[in-house]
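Fold and contact review
Here is what each chain is made of, one letter per residue.
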Amino acid sequence: MANKEAERNNGESLSAGIPQGVTADNSCDAADGEKGKKTAGKGSHTSSPFTLHSAIKGISNLKIDFCRLLLGLTFTLSGFVKAIDPQGTQYKINDYLEAWGLQAYAADLLTLGASVALSAVEFWLGVCMLFAIRRRRTARLVLAVMCVMTPLTLWLALTDPISDCGCFGDAVTLTNWQTFWKNVVLLAAAVAVARRPMGMTRIISRPNRWIVTNYAAVFILALEAWSLYDLPLFDFRPYRVGADIRAGMEIPEGAPMPQFETTFIMEKNGERREFTLDNYPDSTWTFVDSRTVQTAEGYVPPIHDFSIVRRTDGEDITDSLLAAPGYTFLLVAPFLEQADDSRLDLINQVYDYAEDHGYGFFCLTASSDKSVRRWRIMTGAEYDFCTTDGTTLKTIVRSNPGLVLIKGGTVIRKWSHNRLPEEQELSGPLDRIELGHVPERTAAVQTLIVVAWFALPLLLLALADRMWAWTKWVRKKRRSNKIYQLFKPKDNEKENCSRKLEDEHEPAGGCGSGQGTQRDTDDTEA
């Protein structure tokens, strides 16, 4: 009796909390609904500030990514155009050293190594910035570079010791003030990125970033090695293959001419005075010195310092040579004492070929007569030597010596001393073989080839990396959903409520009986 009374009281107490007409599942649903309302109320109360914060953070990250892309593209382009012409970068470094009075202390091998290192580091930093690799370290390194380059370009703009800083090689020419303001913008972008480096959006995952960095380093070093062995892949100079030298020397009609003013220092009876052409004194004054200053800039043609003077008789043969309708070989050796003499046999073969077919062959150099005589003795050269400005010769071809083929003033072909034409290539008259014509491969095709070798593999890697990251995220999401389904609190609460109602209607053994307790334990373990 006592047990039945206790069971009845327990049943009434359990059923008192459940409204009439509502099952156990519905009662648990109702409880869950109350929980959901409270949770939803909390979520709706805090959703607005969270959304506003996310929007502000997203806009800030967009600004950081814009600065990152600006820095990355600039550094990559600057490093690339330097890398395809490492000798040109070396010449620019020598100009800086000359302006500082340090050229005598720097060997050519040292400046060439500095050129290779500068191009490679600049390109590598640009790639790391584009792919957001090692974000903190890369941002600090870029900022350090800009902190050095900005004051340097300010000094160039104020003193003007060099007309062009060489930031983009011969591809893009900027004045010193344009370069300074460009660096000011880049410095501001570098500061923004260095303040919030983690705001940069990562394009490649951590496990695969070593592929990008190593590939970029190998690519740029291989490009520089090839450019040193052969010739630059891209030639932005006025003497590039296919260029008309005579057209590059012309001044357009109506173009402004540079203005100069000459001051004459004259002396009479111990007194010195300065005169100009407008008030030039009479013959009683004695000439002491003169000074010419450019007062106004005018149009300067791309080719303004090209001349060829034959050494045997001192005749200027520039016009006659450029106007000749036939082919002419020009052996370009800026300084014979520094020229590579490992391929002298091929040079002599080309000279013999030119003699056999009636083509001209001249050696253009800026060396002294002593160096010319030494070269003749060493090589047995029988061709004519001519004098041309050394800087002009280094601009014509990035090789010492190098070989240039022209026809009617147009550059047909150029070779470095490492890739001079072989005897089997000179199998007939030039107008009947491939070497006698301008190559059909254009700069656009050359650009596509370089892009295919560098950008395409990295693009495919980035796509594969993102696909791998996406599939990994999907698998993780599915796994977390299964766990959530197994341990959902809502289902557990429903099961407990149902179990309690079943215990109420058990005919034998209630919640307090040993049988019921054992079954509950078994059900739970099951």
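**Looking at unusual backbone geometry**
Residue N400 is joined to P401 through a cis peptide bond whose omega torsion reads 5 degrees. Along the chain, the position of P401 falls in the loop between α12 (390-396) and β8 (402-407). The residue R134 is not glycine, and still its phi comes out positive at about 50 degrees. A relative accessible area of 43% places R134 in the partly exposed class. Even without glycine at this site, N269 takes up a positive phi of about 55 degrees. Mapped onto the elements of the fold, N269 is located in the loop between β1 (259-268) and β2 (271-275). Assessed through its relative accessible area of 78%, N269 is described here as exposed.

**Regarding a nonpolar patch on the surface**
A cluster of nonpolar side chains, contributed by L154, L158, W177 and W181, occupies part of the molecular surface with about 440 Å² of accessible area. Of all elements in the fold, only α5 (135-159) and α6 (176-195) reach the threshold of two or more residues within the nonpolar patch. For L154, a relative accessible area of 30% gives the class partly exposed.

**What about the sheet that holds β2?**
Neighbouring strands of a sheet are bound in pairs by backbone hydrogen bonds; such pairs are parallel or else antiparallel. An order of β2-β1-β3 is seen for the 3 strands of this open sheet, with the pairing classed as antiparallel. Each edge of the open sheet carries a strand with a single partner, namely β2 and β3 (286-296). Taking each pair of neighbouring strands and ignoring which way they run, the sheet shows an average axis angle of 20 degrees.

**Things to note about the packing of aromatic side chains**
Scanning all chains against the criterion turns up 23 aromatic pairs. Feature note: the residues Y327, F329, Y351, Y353, Y359, F361, Y383 and F385 constitute an aromatic cluster, connected by ring pairs.

**Regarding the packing of helix α4 (residues 108-130) against helix α7 (residues 209-229)**
A packed helix pair is summarised by two numbers, namely the angle formed by the two axes and the spacing between the axes. The contact between α4 and α7 brings their axes to 10 Å, and the two run at 145 degrees. The crossing of α4 and α7 is right-handed. Along its contact with α4, which presents L112, S115, V116, S119, A120, F123, W124, V127 and C128, the element α7 presents V212, T213, A216, A217, F219, I220, L221, E224 and L228. Here the contact of α4 with α7 is built from residues that sort into 14 nonpolar, 3 polar and 1 charged.

**Thoughts on a negative patch on the surface**
Side chains of D352, E355, D356 and E382 sit close together on the surface and give a patch of like negative charge. Inspection of the secondary structure puts E382 in the loop between α11 (369-379) and β7 (384-387).

**Description of the packing of α5 against α6**
Direction vectors running N to C along α5 and α6 enclose 160 degrees, while the axes themselves pass 8 Å from each other. Between α5 and α6, the angle is such that the two are roughly antiparallel. α6 is crossed by α5, and the crossing has left-handed handedness. Residues A139, V142, L143, M146, C147, M149, T150, T153, L154, L156, A157 and L158 of α5 form the contact with α6, whose participating residues are N176, W177, T179, F180, N183, V184, L186, L187, A190, V191, V193 and A194. Broken down by class, the residue content of the contact of α5 with α6 amounts to 19 nonpolar, 5 polar and no charged.

**Examining the side chain of K414**
Among the secondary structure elements, K414 is positioned in strand β9 (residues 410-416). Reaching out from K414, the side chain makes a polar contact with the side chain of D235 at a distance of 2.9 Å. There is a polar contact of 2.5 Å between the side chain of K414 and the backbone oxygen of I396. Contacts of K414, omitting those with residues within four sequence positions, involve L231, D235, R237, Y239, R240, V241, I396, V397, L403 and V404.

**Looking at the pairing of strand β6 (residues 360-365)**
Burial analysis of β6 places 5 of its 6 residues in the buried class, the great majority of the element. Of the strand pairs in this sheet, strand β5 (residues 327-333) and β6 are connected by 6 bridges, and their pairing is parallel. Within the sheet, the bridge partner assigned to T328 lies in β6 and is G360. Crossover β5 to β6 through helix α10 (residues 344-357) is right-handed. Of the pairings in the sheet, the one linking β6 to β7 comprises 4 bridges and is parallel in character. In the sheet register, L364 faces β7, and the bridge partner there is C386. For the crossover from β6 across α11 to β7, the handedness is right-handed.

**Describing the confidence of the model for the protein chain**
Summarising the model, the protein chain shows a mean pLDDT of 81, and 82% of its residues fall at 70 or more. Here residues 1-49 is modelled with pLDDT under 50, and outside its nearest four sequence neighbours on either side it reaches 21 contacts, counting other chains as well. Counting interchain partners and residues more than four positions distant, the pLDDT-below-50 stretch residues 506-526 has 10 contacts.

Calculation rules
Residues numbered from 1 in each chain as written. Predicted model: local features only at pLDDT ≥ 70, side-chain atom pairs only at ≥ 80, totals over all residues. Heavy atoms only, no water. Helix = DSSP H or I, 4+ residues; strand = E, 2+ residues; numbered from the N terminus. Buried < 20%, exposed > 50% of the residue type's maximum accessible area, 1.4 Å probe, protein only. Patch = residues over 30% accessible without salt bridge, like charges linked within 9 Å, V, L, I, M, F, W, Y side chains within 5 Å. Areas by Shrake-Rupley, 256 points an atom, 1.4 Å probe, with all protein chains shown as cover. Salt bridge = Lys/Arg side-chain N within 4 Å of Asp/Glu carboxyl O. Pairing = 2+ DSSP bridges. Axes fitted to C-alpha atoms, helices over the stretch in contact; angles between N-to-C directions. Phe/Tyr/Trp six-rings, centres within 6.5 Å; stacked < 30°, edge-to-face > 60°. Left-handed = near helix turned anticlockwise from the far one by under 90°. Contact = heavy atoms within 4.5 Å. Nonpolar A, V, L, I, M, F, W, Y, C, P; charged D, E, K, R; others polar. Lys, Arg positive; Asp, Glu negative; His and termini not counted. Charge placed at Lys NZ, Arg CZ, Asp CG, Glu CD. Parallel < 35°, antiparallel > 145°, perpendicular 65-115°, else oblique. Polar contact = N/O pair within 3.5 Å; in protein donor to acceptor, adjacent residues only side chain to side chain. Right-handed = clockwise from strand over helix to strand, strands pointing away. pLDDT = per-residue confidence, 0-100.

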